[in-house]
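The chain contents come next:
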Amino acid sequence: EKSSKMKNPYIGLTIDQAKDKAKKEGAKWRITKIDGESQFVTMDFKPNRLNFEIVNGVITKITKG
(Lines give C-alpha, C1' and ligand atoms only; values in the text may rest on other atoms or scores of the structure.)
Protein backbone atom coordinates (compact mmCIF):
# COMPACT_ATOMS: atom_id res chain seq x y z
CA GLU A 1 0.00 0.00 0.00
CA LYS A 2 1.37 3.38 -1.01
CA SER A 3 1.13 6.04 1.64
CA SER A 4 -0.09 9.49 0.62
CA LYS A 5 2.45 10.83 3.12
CA MET A 6 5.50 9.46 1.32
CA LYS A 7 8.44 11.81 1.70
CA ASN A 8 8.91 14.16 -1.20
CA PRO A 9 12.59 14.38 -2.30
CA TYR A 10 12.44 18.20 -2.07
CA ILE A 11 11.38 18.28 1.59
CA GLY A 12 14.30 19.37 3.77
CA LEU A 13 16.30 20.96 0.94
CA THR A 14 17.32 24.60 1.06
CA ILE A 15 15.70 26.80 -1.57
CA ASP A 16 18.97 26.88 -3.55
CA GLN A 17 19.19 23.08 -3.50
CA ALA A 18 15.53 22.83 -4.55
CA LYS A 19 16.06 25.31 -7.41
CA ASP A 20 19.05 23.30 -8.67
CA LYS A 21 17.13 20.02 -8.42
CA ALA A 22 14.11 21.45 -10.26
CA LYS A 23 16.34 22.90 -12.99
CA LYS A 24 18.07 19.53 -13.50
CA GLU A 25 14.66 17.81 -13.71
CA GLY A 26 13.26 20.46 -16.06
CA ALA A 27 10.52 21.32 -13.56
CA LYS A 28 8.89 24.72 -13.20
CA TRP A 29 8.63 25.97 -9.63
CA ARG A 30 7.61 28.89 -7.48
CA ILE A 31 7.55 29.88 -3.82
CA THR A 32 4.03 30.17 -2.42
CA LYS A 33 4.74 30.66 1.29
CA ILE A 34 7.75 31.83 3.34
CA ASP A 35 7.75 31.40 7.13
CA GLY A 36 3.95 31.18 7.15
CA GLU A 37 3.45 34.26 4.97
CA SER A 38 1.66 33.68 1.66
CA GLN A 39 3.42 35.12 -1.37
CA PHE A 40 1.73 36.85 -4.28
CA VAL A 41 1.25 34.21 -7.00
CA THR A 42 -0.93 33.82 -10.04
CA MET A 43 -4.07 31.69 -9.71
CA ASP A 44 -3.47 29.70 -12.90
CA PHE A 45 -3.09 25.95 -12.49
CA LYS A 46 -0.13 24.27 -14.16
CA PRO A 47 0.08 20.55 -13.32
CA ASN A 48 3.82 20.43 -14.06
CA ARG A 49 4.70 23.28 -11.64
CA LEU A 50 5.98 22.74 -8.10
CA ASN A 51 4.85 25.08 -5.33
CA PHE A 52 7.33 25.36 -2.48
CA GLU A 53 6.52 26.36 1.09
CA ILE A 54 9.60 27.42 3.05
CA VAL A 55 10.28 27.72 6.77
CA ASN A 56 13.66 29.03 7.94
CA GLY A 57 15.10 28.67 4.43
CA VAL A 58 14.12 25.00 4.07
CA ILE A 59 11.39 23.40 1.95
CA THR A 60 8.68 22.07 4.26
CA LYS A 61 5.80 21.41 1.85
CA ILE A 62 5.32 20.85 -1.87
CA THR A 63 2.13 20.98 -3.92
CA LYS A 64 1.66 20.82 -7.67
CA GLY A 65 -0.06 23.41 -9.78
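Since we're looking at a predicted model, the values are computed, not measured.

## Some words on the side chain of Arg 30
Among the secondary structure elements, Arg 30 is positioned in strand β1 (residues 28–34). Comment: no salt bridge for buried Arg 30; closest opposite-charge side chain is Asp 44, at 4.3 Å. What Arg 30 contacts, discounting residues up to four positions off in sequence, is Val 41, Thr 42, Asp 44, Arg 49, Leu 50, Asn 51, Phe 52 and Gly 65.

## So, the nonpolar core
Counting residues in hydrophobic clusters, the biggest one holds 10 residues: Tyr 10, Leu 13, Ile 15, Ala 18, Ala 22, Leu 50, Phe 52, Ile 54, Ile 59 and Ile 62. Elements supplying a minimum of two residues to this core: α1 (15–25), β3 (49–55) and β4 (58–64). Residue contacts for Ala 22: discarding those within four places in its chain leaves Tyr 10, Ala 27 and Trp 29.

## Details of the pairing of β1
Pairing of β1 with β3, which is carried by six bridges, proceeds in the parallel orientation. Considered in β3, the bridge of Trp 29 is made with Leu 50. Looking at chain direction, β1 and strand β2 (residues 37–38) are connected through two bridges and run antiparallel. Residue pairing across strands places Lys 33 opposite Ser 38, the latter belonging to β2. Here β1 hands over to β2 after two residues, with Asp 35 in that stretch at a positive phi of 50°.

## Considerations on the packing of aromatic side chains
Tallied over the full model, the rule gives two aromatic pairs. Ring plane angle 40° and centroid distance 5.5 Å describe the contact between Tyr 10 and Phe 52, whose orientation is recorded as tilted. Here Tyr 10, found in the segment before α1, pairs with Phe 52, found in strand β3; they are 42 residues apart in sequence, far enough to count as distant. Neither Tyr 10 nor Phe 52 differs from the other in exposure class; each is buried. Plain terms: the ring middles of Trp 29 and Phe 52 are 5.9 Å apart, the flat faces sit at 20° to each other, and that makes the pair stacked. Residue Trp 29 is found in strand β1, and its partner Phe 52 is found in strand β3; the two are separated by 23 residues along the sequence. According to the relative accessible area criterion, Trp 29 is partly exposed, its value standing at 32%. An aromatic cluster is defined as three or more aromatic residues linked by ring pairs; in this entry it consists of Tyr 10, Trp 29 and Phe 52.

Definitions and cut-offs
- Residues numbered from 1 in each chain as written.
- Predicted model: local features only at pLDDT ≥ 70, side-chain atom pairs only at ≥ 80, totals over all residues.
- Heavy atoms only, no water.
- Helix = DSSP H or I, 4+ residues; strand = E, 2+ residues; numbered from the N terminus.
- Buried < 20%, exposed > 50% of the residue type's maximum accessible area, 1.4 Å probe, protein only.
- Lys, Arg positive; Asp, Glu negative; His and termini not counted.
- Salt bridge = Lys/Arg side-chain N within 4 Å of Asp/Glu carboxyl O.
- Contact = heavy atoms within 4.5 Å.
- Core = buried A, V, L, I, M, F, W, Y, C linked by side-chain atoms within 4.5 Å.
- Pairing = 2+ DSSP bridges.
- Phe/Tyr/Trp six-rings, centres within 6.5 Å; stacked < 30°, edge-to-face > 60°.

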